[in-house]
Amino acid sequence: MNQDMNQEMRPKVLITKIGFDGHDRGSRVVAAALRDAGMEVIYTPPWQEIAAVVKLATEEDVDVIGISSLATDHLIVPKLVVALRDAGLDDTAVIVGGIVPDEDEQMLLDAGVSRVFHPGSPLQDIAQYILNITPAIRARRAAV
Amino acid sequence: MNKPLDPSLLDTRDPEQLWQRQYAQEIGRDRAISNRSGIPIQPLYTAHDFDPAARAGDLGLPGQPPYTRGIYATMHRGRTWTQRQLIGLGTPADYNERLLALLAQGTTAVSLIPCNSVFRGYDMDESHFELLGTCGAVINTAEHMDRALAGVDLARTSCAMNDPSPFTLLAFLLATARKRGVNWSAISGTSNQSDYLSHYVANHMFFRIALPGVRRILGDHIEFCNREVPRWNPMSVVGQHMQQAGATPAEAVAFTLASAIQNAEDCIARGMDPDQFLPRFTFFFDVSVSFFEEVAKFRAARRIWARVTRERLGAKDPRSCRFKFHAQTSGVDLTRQQPLNNIARVTVQAMAGIFGGLQSLHTDAYDEALSCPSEFGARIAVATQNILREEAHLTDVIDPLGGSFYVEKLTDQMQAEIERVMKIVDDAGGMYEAVESGLVQRMIGESALRFQQAVDCGEQTVVGVNAYQVDEDPRARPINTRPDPEAMRAHLADFARFKSQRSQADVARALGELARAANDPNDNIFGRVVQAAEAGCTHGEICATLRRELGFGHVQAIV
Amino acid sequence: MSRTDTAPTALLPRLLAGDRAAIARVISVLEQGAPGTAELTAGIRPHLGHAHVIGITGAPGAGKSTLIHALLGELLARGRRIGVVAVDPSSPITGGAVLGDRVRMGEHGAHPNVFIRSVASRGHMGGLSRSTGQIVDVLDAAGFDTVIVETVGAGQSEVEIMRIADTRVVACPPGLGDDVQAIKAGILEIADLLVVTKADLPGAEATARELKDMLQLRRPAAWTVPVLRTVGTKGEGVAALVDQADAHCKATGKAKRLAARPATAAETSSDALVKRLAAADPFVRSLGIACVDAGPGRARVTLTLREEHLNFNGSCHGGVIFSLADTAFGLAANSRKHIAAGIDAHITYHVAAKGGETLTATAEEVSRSRKLAVYRVEVRRGDGQIVSGFTGTVYISTATHA
């Protein structure tokens, strides 16, 4: 990790919040941790419109989108996944962190979310997960 | 592994020295401990750490400056703290049902949390349907407020509205009072969390309109309320958001007092008299599970505020110098793992707040970390307060920890740390400047990261998360309560009907006045908000008008 | 976007048509030196020259973000399509970055006529201006009217980046004062437009005068550099800034920028090849060596020294320095088609290097025949002091790289 990583292989991650909640302590701490793990992080304020997130993910060609959700904003993450697919971003992974009731976790995974991180997840685990999935994402994009 | 005691070392006549040596011998490897504010904690405190005779002036007595031991002579023994539980869910009717149940169980005041869509400044027909009413009541008009507070005697019940600038919920409440024939001079309560600075910094939930605009609206709001709703507390300076965002307890107090000073100075600049508005300033704080630290934090805050109001803000009336606060038990200490443990945590937090001398308390439900709290959890939270008061008799003695060597020393140290951070803000040009430049956000971010790292590496234990974990049966977790979609659809339909039937002329005129007021420094924006509420304007329309005139509230993204 | 649409041959026409996803994907391919780099670079070349490229920089605190936000608003109001390259030169300690510039452009980021791409400077160093130039070219070819390159600072790397622009704008806050004299890196010297930001603050007048005085010392040229004043929060002075930028472009044109493009197809493919080889070298990766820049017969690599690189004296182990120099040597020798193997190497150590320092090894080709080539490598510390000199010879085989 860190210095050993080639510049080109550093994951590019978007950390953002959609919906209405504005508590962003968790997303800020995760963004800082991913930066310290050697990744390139784009961090936005809360209340991003889904269309704006798709535009950003398109232009910056991010590998992973991390959605921080407290309240119940995770309920509209499936809408985001659909919007990403419609825009052709099939390979961009979406992970969700925050308070997600157990009965909703499977719903999110079925909707295309790669992984849900609950409160108490060590920052290291989140970073390692992203490092693990990025090479496959890049490989799929480069395939012809 | 105990070495045999070396008798020569124990040869001393000084009992304290004897204890120190015995301690050093027996403890083996001792570890350095600091509390969350970074203050080192000793294993023992003695008269060397605090001499009551020498410090009588700083300690004082309850109801007398510097108020270290409490702002009233009687404190909870005379009047118990207000049990004010925050609730909000679904339609106005859903809210009303839960409210009446809570009042029957012993809460003594109303606190209303609106839906997140309302927090963002939107009406229900402008928002994602899935998210309506999941975390707060969907109230967009005066009529909705009337329904939400059905059966509540407004002249006798204190109401806290959790609604940021431009405070439409209070406007709806006032419209409801007028409709019911209740005089505004009888209305009591608080514009809870009206402190725009804390919203800009930490709880972005509440930030709708551009920074200079909300600064102006708050001034208008304070002026209007002091004049027209004299028993209302329009200024609730918030420490909770910053502590929840990761500020240490000392930082949270420092930034909050700095915000209070900023808001007070803004009022003075408008020509208001400190003794007129300061008595209606209240504070809203988080109380964490770091028990003694929290008690010391509040005692130190009282002492500092007593001096600041007199020396810096020019207050002459002793009532202007009292640090009145509502405490909410800290949600960030609660865990999703083994949620019933949260009941124990909330109990400790509540005790810390009570010993800290709060005026009003909200206790979290144990399932706070899982979803919006259930009725079952909310009931236990209220019972907790009743048990502490009536079974543990925590109200029988005023400031019972006063005089403790530890607590007094810690109060001094917390005061020093708070004042150190307050100076940083002063050097940056005051709280408004410090916040605009991002300084406060960066400091809080660093504290948050440090705490998370301490948890991740095991230095700070969180039971069930990084220690004492068990395999849990997810089915044991309570089911999430969501509002009934049918009821919400009916609410939407009703809303559409309301909009089509009201007087469009009245609405247009009221919004026009509001827009003009936004550009006229001599007009009172909040006064126009109240008029708009009475004319049938919706929350979203009022917010949209002010956003257009004063600018949309963007927060900085600072990592 | 289906799989076959992402082939370089398919990406190019979509890029030229202004397809957002294609633009982003092409930029990624070039940034990573992925397969297709050479074809895309060549394919873009004939389509350059439409965009007006504006470089904007200024020291931290100069109010640059607010200025750019207002600038975007003004350009959008004039109906322009704008591409933005936001260079974030954050601290090089961990290798990661938070790319924050984009977010400071606020709501304009969501406007359909705006395309923003963020670049982290870390690991690029000398190669940063090349990568940024590549991105600018992609946006130019995609048909944007204006391309803004935004970076922060007033140092050498910012001067390099600004060279890829047609019009260079430097933002100075009021009270720059003594700093005007102190900035020797040349950022003020190459500016085409100087802007005093936050002009409503005291000291703005004095700063404008200082800048004008400094301009007197320049050689007279066809273009007179204006000193403008803006208040970004109110949008004041921004219309004049756009007018002046347009005037500059009209007066001086884009030929200089286009001619200065160093990347020939051979250059770009060498760079891509060398980076690929470095990435595939387990020893290079285990030491933590980064390849920052390469071309035909040359390579530059860096290493930030950690504890495990040190000897019993607390200085950098000679073997580490040798490995660094040898890496540059091997990459430079293999930057062309044929596989080359080292047969002889010598090193001289001049001064010690300490933990935490970043060493750079630069290899240059001294001579090359069909079978043999000789390279000279210099290893320098961050302050420019030479640490070591190295000479190596390779045998060039007939086998070629994959």
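Here's what I pulled together on the structure shown here. (Residues numbered from 1 in each chain as written. Chains lettered and ligands numbered in written order. Predicted model: local features only at pLDDT ≥ 70, side-chain atom pairs only at ≥ 80, totals over all residues.)

Turning our attention to the overall build of chain A. Looking only at helices and strands, one finds five helices and five strands in chain A. Secondary structure elements in chain A, listed N-terminal to C-terminal, are β-α-β-α-β-α-β-α-β-α. Relative to its length of 144 residues, chain A is compact, with a C-alpha radius of gyration of 14 Å against a globular reference of 15 Å. If one aligns the C-alpha atoms of chain A with their principal axes, the spans along those axes are about 40 × 35 × 25 Å. Pairs at least 24 residues apart make up 75% of the contacts formed inside chain A by residues separated by at least 6 positions. (Helix = DSSP H or I, 4+ residues; strand = E, 2+ residues; numbered from the N terminus. Rg over C-alpha atoms; globule rule 2.2 N^0.38 Å. Contact = placed C-beta atoms within 7 Å.)

Moving on to the overall build of chain B. Summing up its helical and strand segments, chain B has 22 helices and nine strands in all. For 559 residues, the compact-globule estimate of 2.2 N^0.38 gives 24 Å, and chain B sits close to it at 25 Å. Considered along the principal axes of its C-alpha atoms, chain B spans approximately 95 × 60 × 45 Å. The buried share among the 559 residues of chain B stands at 51%. Counted over contacts in chain B with a minimum sequence separation of 6, partners at least 24 positions apart contribute 76%. (Buried ≥ 20, exposed ≤ 12 C-beta atoms within 10 Å, placed from the backbone.)

Residue and element names in this part refer to chain C. Ordered by their spatial adjacency, six strands build an open sheet running β9-β10-β12-β13-β14-β11, and the pairing between neighbours is antiparallel. In this open sheet, the two strands that pair with only one neighbour each are β9 (290–295) and β11 (338–349). Here the average twist between neighbouring strands, direction ignored, is 20 degrees. Two strands pair when backbone bridges link them, and strand β13 (residues 372–380) and strand β14 (residues 386–400) are joined in this way by nine bridges, in the antiparallel orientation. Residue pairing for β14: Val 374 is matched across the bridge by Thr 393. (Pairing = 2+ DSSP bridges. Axes fitted to C-alpha atoms, helices over the stretch in contact; angles between N-to-C directions.)

Moving on, we get to the interface of chain A and chain B. Each partner contributes residues to the interface: chain A has 31 residues there, and chain B has 34 residues. Among the elements of the structure, α1 (25–36), α4 (102–110) and α5 (123–142) of chain A are those that each provide at least two residues to the side of chain A that touches chain B. Element by element, the count of residues in the side of chain A that touches chain B is highest for α1 of chain A, at five residues. Looking at the side of chain A that touches chain B, its residues break down into 16 nonpolar, eight polar and seven charged. (Nonpolar A, V, L, I, M, F, W, Y, C, P; charged D, E, K, R; others polar.)

In this structure, Val 41 of chain A, Ala 254, Leu 257 and Val 529 of chain B together with Val 26, Val 138 and Val 195 of chain C are the most contacted members of the largest nonpolar core, which totals 261 residues. The greatest single-element share of this core, amounting to eleven residues, is contributed by helix α11 (residues 249–269) of chain B. Per-domain counts for this core show at least three residues from each of domain 1 (1–47) and domain 2 (48–259) of chain C. Each residue touching Val 41 of chain A, except ones within four places of it in the same chain, is listed here: Val 13, Ile 15, Ala 31, Leu 34 and Arg 35 of chain A together with Gly 96, Val 98 and Leu 99 of chain C. (Core = buried A, V, L, I, M, F, W, Y, C linked by C-beta atoms within 7 Å. Domains from an automatic or database assignment.)

Our next topic: the environment of Leu 80 of chain A. Considering the arrangement of structural elements, one finds Leu 80 of chain A in helix α3 (residues 77–86). Leu 80 of chain A sits eleven residues away from Ser 69 of chain A along the chain, and the two C-alpha atoms are 13 Å apart.

This brings us to helix α14 (residues 341–355) of chain B. All names here are of chain B. With 15 residues, α14 should cover 21 Å at 1.5 Å per step; its first-to-last C-alpha distance of 22 Å lies within 8% of that length. Within the sequence span of α14, burial applies to Asn 342, Val 346, Gln 349, Ala 350, Ala 352, Gly 353, Ile 354 and Phe 355. Looking at the buried positions of α14, the neighbouring elements they touch are β7 (281–287), α13 (291–311), β8 (325–329), β9 (360–362) and α15 (375–390). Of the residues one or two after α14, Gly 357 is the one with positive phi, at around 90 degrees. (Expected span 1.5 Å × (residues − 1).)

Quick look at the sheet that holds strand β1 (residues 82–83) of chain B now. All names here are of chain B. Reading across the sheet, the five strands line up as β1-β9-β8-β7-β6 and stay open at both edges, with parallel pairing between neighbours. Both outer strands of the open sheet, β1 and β6 (235–238), are each paired with one neighbouring strand and no more. One ladder, built from five bridges, connects β7 with β8; its direction is parallel. Across the sheet, Phe 285 pairs through a bridge with Ala 327, a residue of β8.

What follows deals with the pairing of strand β10 (residues 298–304) of chain C. All names here are of chain C. Most of β10 is tucked away, with six of its seven residues classed as buried. Two strands pair when backbone bridges link them, and β9 and β10 are joined in this way by five bridges, in the antiparallel orientation. Along β10, the bridge assignment pairs Asp 293 with Arg 300. What sits between the antiparallel neighbours β9 and β10 is a turn of two residues, in which Gly 297 has the positive phi angle 75 degrees.

With that settled, consider the environment of Arg 298 of chain C. All names here are of chain C. Along the chain, Arg 298 turns up in strand β10. On the basis of neighbour counts, which here come to 20 C-beta atoms within 10 Å, the residue Arg 298 falls in the buried class. On a C-alpha basis, the gap between Arg 298 and Val 284 in space is 17 Å, while along the polypeptide they are 14 residues apart.

Along the chain, Pro 65 of chain B connects to Pro 66 of chain B via a cis peptide bond; the corresponding omega equals 0 degrees. Looking at the secondary structure, you find Pro 66 of chain B in the loop between α2 (56–59) and α3 (75–78). With omega at 5 degrees, the peptide bond leading from Ser 165 of chain B into Pro 166 of chain B counts as cis. Mapped onto the secondary structure, Pro 166 of chain B falls in the loop between β3 (158–162) and α7 (168–180). Located in the positive-phi region is Trp 47 of chain A, a residue other than glycine, with phi close to 65 degrees. For Trp 47 of chain A, the location among the structural elements is in the loop between β2 (40–43) and α2 (50–60). Located in the positive-phi region is Phe 167 of chain B, a residue other than glycine, with phi close to 60 degrees. Tracing the sequence through the fold places Phe 167 of chain B in the loop between β3 and α7.

A word on the packing of α2 of chain A against α3 of chain A. All names here are of chain A. Here α2 crosses α3 at 45 degrees, and the two axes come no closer than 10 Å. The angle between α2 and α3 places the two elements in the oblique class. Crossing angle aside, the handedness with which α2 passes α3 is right-handed. Listed contacts from α3 to Ile 50, Val 53, Val 54 and Ala 57 of α2 are Lys 79, Leu 80, Ala 83 and Leu 84. Class assignment of the residues belonging to the contact of α2 with α3 gives a composition of seven nonpolar, no polar and one charged. (Parallel < 35°, antiparallel > 145°, perpendicular 65-115°, else oblique. Left-handed = near helix turned anticlockwise from the far one by under 90°.)

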